[in-house]
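Structural characterization, general
Now for the letters of each chain:
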Amino acid sequence: MAENYTKKAGDIKPPKQKAPQPVKDPNDFSEPMNAGSNVKKVIGVVSGKGGVGKSLVTGLLAIAAKRAGKTVGILDADVTGPSIPKMFGVHEKAMSDGVNIIPAVSEGGIEMMSTNLILDDEKEPVIWRGPVIAGVVKQFWGEVLWGDVDVLFVDMPPGTGDVPLTVFQSLPVDGIVIVTSPQDLVSMIVEKAARMAEMMKIPVLGIVENMSYITCPDCGRRIYPFGEGRVEVVAADHSLNLIARMPIEPYIAALCDAGKIEAVPDDKLEELKAFI
């Protein structure tokens with residue numbers, strides 16, 4: 001016969017205590033990397049104003065890194081003005097494995113994620129408010145299966161607004177490259193971008209001056225339509241490294257329009273490859 005059993009005080013065990021969970025700093029806005037990703041370096045490409053060729057420089061930096069033997073990705077954070085996929089000739093939509101978003105891959109093996117890859121029509125305008133755009137940038141970091149990537153370049157929208165702030169706060173940005181043009185406003189533009197990076201405690205890796213000069217097709221002489229030497233002065237004033245001075249190059253513009261930017265010859269990437 002089974003015996004009745006009455007619990008005694010000594011038989012009652014206290015419930016197991018759960019390990020204390022770390023309390024996240026309310027000022028910490030960082031987003032966790034996708035669990036299946038291993039991104040080693042995150043480099044932001046920024047500009048103080050639009051129209052200076054920031055996306056072009058992002059694409060060329062990615063190509064230079066790929067040719068240097070790195071595994072490379074591009075996160076297109078210019079959500080309302082995405083141009084990275086078109087330059088690389090990528091038009092297929094991003095896929096999903098049911099859990100993660102799978103980035104598109106260019107012909108040369110560069111992974112990329114952009115709003116153009118999730119829209120039904122890539123010509124459809126993106127008319128979203130700031131918080132939605134910021135949320136998309138976070139998704140491109142935390143929900144995209146980047147895999148093993150040596151360098152992830154982030155093509156940011158111009159200025160110092162909501163999206164650049166989201167990138168700086170949410171992603172582990174190792175440094176930024178500032179893209180500018182050789183005009184009188186260059187000092188103010190660079191200073192704004194540099195000061196924002198300084199406030200966010202992110203190193204400025206250097207400056208790229210785009211549309212710096214034209215090479216004469218007859219004699220090979222460099223012609224500086226906006227003046228020469230301004231960027232060196234600005235770089236020196238802010239103790240920044242001048243990475244490259246890039247010419248006005250119709251041939252490269254034509255490659256971008258045709259989706260063939262990866263066909264750019266090595267001699268056009270010498271300064272960027274040296275930086276990489």
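Treat the numbers as computed from the prediction; the structure is a model and nothing was measured.

Here we look at the side chain of Arg245
Looking at where Arg245 falls in the secondary structure, it is placed in strand E12 (residues 242-245). For Arg245, a relative accessible area of 11% puts it in the buried group. In terms of polar contacts, Arg245 uses its side chain to reach the side chain of Glu209, at 3.0 Å. At a separation of 2.6 Å, a polar atom in the side chain of Arg245 contacts the side chain of Glu232.

Quick look at the confidence of the model for the protein
In the predicted model, the protein carries a mean pLDDT of 85, and the fraction of residues at 70 or more is 88%. Confidence over residues 1-15 falls short of pLDDT 50; this stretch has one contact with residues more than four positions distant or in other chains.

Concerning the pattern of salt bridges
The final tally for this structure, using the stated rule, is nine salt bridges. With its nearest N and O atoms 2.6 Å apart, the salt bridge here joins Arg245 to Glu232. Here Glu232 lies in helix H6 (residues 230-237) and Arg245 lies in strand E12, a separation of 13 residues in the sequence. Salt bridges sharing partners connect three or more residues here, namely Lys54, Asp78 and Asp155.

Section: unusual backbone geometry
Phi is positive for Lys201, close to 60°, though the residue is something other than glycine. Within the fold, Lys201 resides in the loop between helix H5 (186-199) and strand E9 (204-209). A residue is classified by how much of its surface remains accessible, and Lys201, at 74% relative accessible area, is exposed. Even without a glycine there, the phi angle at Met211 is positive, about 55°. Locating Met211 in the fold gives a position in the loop between E9 and strand E10 (214-215). By relative accessible area, Met211 is classed as partly exposed at 26%.

Examining a nonpolar patch on the surface
Residues Ile214, Ile223, Phe226 and Ile248 make up a contiguous nonpolar surface patch of about 280 Å² in total accessible area. Positionally, Ile223 belongs in strand E11 (residues 222-223). The partly exposed category is assigned to Ile223, whose relative accessible area is 35%.

Quick word on the sheet that holds strand E1 (residues 38-46)
The sheet built from eight strands is open, its strands ordered E5-E6-E2-E7-E1-E8-E9-E12 with mixed pairing. Across the chains shown, the open sheet's two edge strands, defined by having one partner strand only, are strand E5 (104-105) and E12. Judged from the four bridges that link them, E1 and strand E8 (residues 175-180) form a sheet pairing that is parallel. The residue bridging Ile43 from the neighbouring strand is Gly175, located in E8. This element, helix H1 (residues 54-67), spans E1, strand E2 (72-76), strand E7 (148-155), E8 and E9 of the sheet and lies at about 165° to E7.

Some words on the nonpolar core
Judged by nonpolar contacts, the single largest core of 38 residues is most densely connected at Leu75 and Val167. Of all the elements in the fold, those that place two or more residues in this core are E1, helix H3 (130-142), E7, helix H4 (162-170), E8, H5 and H6. Ignoring any residue separated from it by four or fewer positions in sequence, one finds Val167 in contact with Ala77, Val137, Val154, Met156 and Val173. Membership of the second largest hydrophobic core comes to 36 residues, among which are Val57, Met87, Ile252 and Ile261.

Criteria and thresholds
- Counting restarts for each chain, with residues numbered from 1 along the sequence as it is written.
- Totals for whole chains, interfaces and linings use all residues, but because this is a predicted model, local features are given only for residues with pLDDT of at least 70 and pairs of side-chain atoms are given and counted only at 80 or more.
- For the side-chain quantities, the full set of heavy atoms in the structure was used; hydrogens and water were omitted.
- Helix numbers and strand numbers start at the N terminus; a helix is a DSSP run of H or I with at least 4 residues, a strand a run of E with at least 2.
- Note on exposure labels: buried denotes an accessible area under 20% of the residue type's maximum, exposed denotes more than 50%, and partly exposed covers the range between, all computed with a 1.4 Å probe on protein chains only.
- Counting of polar contacts relies on pairs of N or O atoms within 3.5 Å, with two restrictions inside protein: one atom must be capable of donating a hydrogen and the other of accepting it, and residues adjacent in sequence are counted only when both atoms are side-chain atoms.
- pLDDT measures the predictor's confidence residue by residue and takes values from 0 up to 100.
- Residues are treated as being in contact if the distance between any of their heavy atoms lies within 4.5 Å.
- Here a salt bridge means any side-chain nitrogen of Lys or Arg lying within 4 Å of a carboxyl oxygen belonging to Asp or Glu.
- The residues that make up patches have over 30% relative accessible area and no salt bridge, and they are joined within 9 Å when like-charged or within 5 Å when they are Val, Leu, Ile, Met, Phe, Trp or Tyr.
- For every accessible area listed, the method is Shrake-Rupley and the probe measures 1.4 Å; residues are considered covered only by the protein chains on display.
- Should DSSP find at least two bridges between two strands, the strands are taken to pair.
- Interaxial angles span 0 to 180 degrees and are taken between N-to-C directions of axes, which are lines fitted to C-alpha atoms, for helices over the stretch in contact.
- What is meant by a nonpolar core is a set of buried Ala, Val, Leu, Ile, Met, Phe, Trp, Tyr and Cys residues, joined one to another through side-chain atoms within 4.5 Å.

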